[in-house]
Structures are given as C-alpha cells and as structure tokens.
Amino acid sequence: MNENANIKAEALFESRDRQQFPVCTQVTLNHGICDSRCLSCPIGRLNYGDASEAVKAEFHPQSRTFLPWEIFTRVADEVAQYPHAWLRLHSRGEPLLHPRFVDMVRYAKNAGVRLVQAFTDAITLNEEKAIAILEAGLDVLECSVHGHIETYELLMRNGKFDRVRENVIRFRQLRDELGARTQLVVSAVDQPQFQREKEAHRAFWSQYADQVIYRPHHSWGNRVDGVCGSVPEVRHPCSQLWNRCTVGPTGNVLACFNSWSETEAEVLGNLNDPGEAIVRIWQSDRFVRIRQDHLEGHYTLPCCRSCKDWTGSSWGKESYEHLLNVKLGLGGSNGRKTTTDALTKSTD
C-alpha cells in the first residue's frame, strides 16, 4: 500500500490561496525558437543538430510559433487578481526573442501582477534592451550561463561567451545606475561537464548577481538522453501539481511544463474557449483527481507516468518561491509547515 494513500491531496497546499489559484503561472512565449545550442536542452540540441529523431519531429519548422498577445493579456489580467501569485515568462526556447517581450513585462506590471520573472541566455541582452526591460519593471531576470571560461562553449555551443558576460555585467551596472528594482539571478545547469569550473563560476558571478543558483540536470521529459540515470526508489509528489500551471503558446493549460507536445491527455483546458479561466481549471474536478491519484502513486498523466525528472521537483526551502520570497526578499509567505515537510525531507 502506498504510504500516502491516507493523505488528502489538499493537505499539500501551503495555503488556502494556493489551493484557490496557482502561486506561479508559467506562460510559454514561444515554441522551438532559440538562439543558443545548449547541450542540456532539447531545443539547443535541435539547433546544433544532435537532437533525437523524436525531438526533430516534435519541433518541425511549421510547429515553431510565438504566443499571441491576446492570450498573454488574458493570463496577466487573471494572475493580477491574486496577490499571492506571480508570473513566469519562459519558453521552449529563448524568451527575449518574442517581439513583444518588453511590452509583456510592462503590461503585466501595469495590470497589477505582484511579481514577474523571466529567463534569458543573455545573447540579445544589449544595452537598449536592458534599459527597456528595467524601465518596464521586471522583478527578476534569471540569466542562464551554463559554464565558465573553459566549459561555456562545451555546454552552450554558441560562441557568445564574451558577449554574454559583457551583457550580464552591463545589465547589473544599468540596474544600479537607473535605481531599478530588478533582481539579477545567474544560473547554470548542474551537469557533469561543468563541475570543474563550478566554484570559479560561483565566485565570478557572485560579484554581479544577487543570487547564483544551480539547477538540476534533467531530461526535459525524456527528450535528452543519458540524464537521471539513478532515480530513487521512493518517489515523492511533484510540486508542479500543487504550485504551478503552464500556459502553452496556443492557450492550452498544462499541469507540467514538460508537456511540450500538448497531447489531449495532458491538456486541462484552453483559454480560448468561452468562459474558460486558469482558476476554473486549477480547481476543476479533473485536476483535483489528478493530484490525489499522483499522491497515491497512480500517475494518470502520461508525462508523470514516464517521468524521471521528478527528483528535481523542489518543495519548501529548495523551491523557487523560497528564492524569490526569502533570499531575494521579494515578499510573500515564507511558508508554514505542511504535510510536504514529512513527504520530502530530502529536498529541504
């Protein structure tokens, strides 16, 4: 018998607010559009030419698209109604390549979204764009710098290390000169080839970033081979189902950010449908059942059934919410002790 069978899924929500509406809504700005060739990413491998045949089929040229403005504004307007919630601008590629990225940041902040966070590989983060982003009011920019002097090219394969280094340093300088509030995070995927320069990377970027973090090396839903080779026998619940939802570039609402194919079995609703909303989907009987089944070890979503990346799903002090609220001092709840503390001791 599963040891979680007698636990109600609702007990894993940190607060009633999070049970009502996801603390993080991740909006996918593009599908398959990127200017880098990261070894650790399916899109990077696609650009470099060493992606699997399945990834090539999934991201054929006709599939590549940008999120429409109308869907973004609907998402931002809804997130803005919930003071505990924050908005993440991410993509299956490079977010800054969306032609209306700065407009999206500005719109979300003007709409009243408490916190807006975004990722970038910093290749296009020139001075003009940096100033525009800072003036638009972005709260957190995470720059993905996978590698350092000797390992960057091995891991990102884009020939842009000097430009990226200059862009990120200049962003910090401009932030300070303008008196902007944007917090700067530098991150890297904690992959084997990076280990020899990890401490040098941390020491260097700690001079400029408000936080330097290292992300789990995962397979992006089994799209990158040779990752997560050793998976613990005891599986803890994935925090995604209790904290986040993802909006795909066509308006599909997904339980997992790895549901890139957006198959019917993994789509929980579509924001283009009349009367549909994130809050309705988050509280729907289907989503409630998915959480309870997941907690009991019945993985009804196909992406959960074959997942090896759950080991990097963090709760509590290891979560991104803790980074935002506590380490970066951006407010929100520090978190109360919940059932998750007993379920996931290894992640704290």
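Worth saying up front: this structure is predicted, and the values here are computed from it rather than measured.

(A) Layout of the overall build of the chain. For the chain, the count of helices and strands is 15 helices and ten strands. With the C-alpha coordinates of the chain rotated into their principal frame, the extents come out at 55 × 45 × 45 Å. The buried share of the chain, taken over its 348 residues, is 57%. Taking the contacts inside the chain whose residues are at least 6 apart along the sequence as the reference set, 75% of them involve residues at least 24 apart. As displayed, the chain has an accessible area near 15100 Å², and 47% of this comes from carbon and sulfur atoms. Across the chain, the mean location of the 41 positive side-chain charges is 2 Å away from that of the 44 negative side-chain charges.

(B) The packing of aromatic side chains, seen in detail. The full count for this structure, using the stated rule, is 15 aromatic pairs. On the numbers, 5.5 Å between centres and 90° between planes, the contact of Phe59 with Trp260 is edge-to-face. Of the two residues, Phe59 sits in the loop between helix 3 (53-58) and strand 2 (65-66) while Trp260 sits in the loop between strand 9 (252-254) and strand 10 (267-270), which places them 201 residues apart along the sequence. In this structure, Phe59 and Trp260 share a single accessibility class: buried. Residues Trp282 and Phe287 carry aromatic rings whose centres are separated by 5.2 Å and whose planes lie at 75° to one another, so their mutual orientation is edge-to-face.

(C) The arrangement of helix 14 (residues 320-327) in detail. Along helix 14, six of the eight residues are buried, which leaves the element largely enclosed by surrounding structure. Within helix 14, burial applies to Tyr320, Glu321, His322, Leu323, Leu324 and Asn325. Directly beyond the C-terminal end of helix 14, a positive phi value near 65° is found at Gly329.

(D) Structural context of the side chain of Asn158. Inspection of the secondary structure assignment puts Asn158 in the loop between helix 7 (152-156) and helix 8 (161-178). Its relative accessible area of 8% is what places Asn158 among the buried residues. A distance of 2.8 Å separates polar atoms of two side chains, one belonging to Asn158 and the other to Ser36. Once residues within four sequence positions are removed from consideration, Asn158 is found in contact with Asp35, Ser36, Ile123, Tyr152 and Glu153.

(E) Region of the structure containing the nonpolar core. Phe72, Leu87, Leu89, Phe101 and Leu125 are the most contacted members of the largest nonpolar core, which totals 86 residues. Sorting elements by how many residues they give to this core places helix 8 first, with six residues. Not counting the four nearest positions on each side in its chain, Leu87 is found in contact with Thr25, Val27, Phe72, Val75, Ala76, Val79, Ala108, Val113, Leu115, Val116 and Gln117.

(F) Quick look at the packing of helix 5 (residues 101-111) against helix 6 (residues 127-136). The interhelical angle for the contact between helix 5 and helix 6, taken along N-to-C directions, is 15°, at an axis separation of 8 Å. On the basis of the axis angle, helix 5 is roughly parallel to helix 6. The handedness of the crossing between helix 5 and helix 6 comes out as left-handed. Of the residues in helix 6, those in contact with Phe101, Val102, Val105, Arg106 and Lys109 of helix 5 are Ala132, Ile133 and Ala136.

(G) Looking closely at helix 9 (residues 198-205). Those residues of helix 9 that fall on the buried side of the exposure criterion are Lys198, His201, Phe204 and Trp205. For helix 9, the angular spread of the buried residues around the axis is 130°, confining them to a single face. Along helix 9, the residues that are exposed and aim more than 90 degrees away from the buried face are Glu199 and Ala203. Buried positions along helix 9 lie against helix 8, strand 6 (183-189) and strand 7 (211-215).

(H) The state of the cysteines, seen in detail. Going through the model one piece at a time under the given rule, you end up with zero disulfides. Here Cys38 is not disulfide-linked; the sulfur of Cys41 is the nearest cysteine sulfur, at 6.1 Å. Classification of Cys38 by relative accessible area gives buried; the value is 10%. Note on Cys245: no disulfide assigned, nearest cysteine sulfur contributed by Cys24 at a separation of 8.0 Å.

(I) Representation of the pattern of salt bridges in the model. For the structure on display, the rule yields 23 salt bridges. One salt bridge in this structure joins Arg196 and Glu150, with 3.0 Å as the shortest N-O distance. Of the two residues, Arg196 sits in the loop between strand 6 and helix 9 while Glu150 sits in the loop between strand 5 (140-144) and helix 7, which places them 46 residues apart along the sequence. The same class applies to Arg196 and to Glu150, which are both exposed. Residue Glu321 is joined to Arg244 by a salt bridge in which the shortest nitrogen-to-oxygen separation is 3.4 Å. Taken together, the residues Glu321 in helix 14 and Arg244 in strand 8 (residues 244-247) connect sequence positions 77 residues apart. Here the residues in one salt-bridge network are Arg172, Arg175, Asp176 and Asp210, joined through shared partners.

(J) Summary view of the confidence of the model for the chain. Across the chain, the average pLDDT comes to 92, with 92% of residues at or above 70. The low-confidence segment residues 333-348 (pLDDT under 50) makes 36 contacts with residues lying over four places distant or belonging to another chain.

(K) Focus on the environment of Trp86. Inspection of the secondary structure puts Trp86 in strand 3 (residues 86-92). Between the alpha carbons of Trp86 and Asp103 there is a distance of 17 Å; along the sequence they are 17 residues apart. Setting aside residues up to four positions removed in sequence, Trp86 forms contacts with Val23, Cys24, Thr25, Val79, Arg114, Leu115, Gln117, Arg244, Tyr320, Glu321 and Leu324.

Each value, and the rule that gives it
- Residues numbered from 1 in each chain as written.
- Predicted model: local features only at pLDDT ≥ 70, side-chain atom pairs only at ≥ 80, totals over all residues.
- Heavy atoms only, no water.
- Helix = DSSP H or I, 4+ residues; strand = E, 2+ residues; numbered from the N terminus.
- Buried < 20%, exposed > 50% of the residue type's maximum accessible area, 1.4 Å probe, protein only.
- Contact = heavy atoms within 4.5 Å.
- Areas by Shrake-Rupley, 256 points an atom, 1.4 Å probe, with all protein chains shown as cover.
- Lys, Arg positive; Asp, Glu negative; His and termini not counted.
- Charge placed at Lys NZ, Arg CZ, Asp CG, Glu CD.
- Phe/Tyr/Trp six-rings, centres within 6.5 Å; stacked < 30°, edge-to-face > 60°.
- Polar contact = N/O pair within 3.5 Å; in protein donor to acceptor, adjacent residues only side chain to side chain.
- Core = buried A, V, L, I, M, F, W, Y, C linked by side-chain atoms within 4.5 Å.
- Axes fitted to C-alpha atoms, helices over the stretch in contact; angles between N-to-C directions.
- Parallel < 35°, antiparallel > 145°, perpendicular 65-115°, else oblique.
- Left-handed = near helix turned anticlockwise from the far one by under 90°.
- Arc of directions from axis to C-beta.
- Disulfide = S-S within 2.5 Å.
- Salt bridge = Lys/Arg side-chain N within 4 Å of Asp/Glu carboxyl O.
- pLDDT = per-residue confidence, 0-100.

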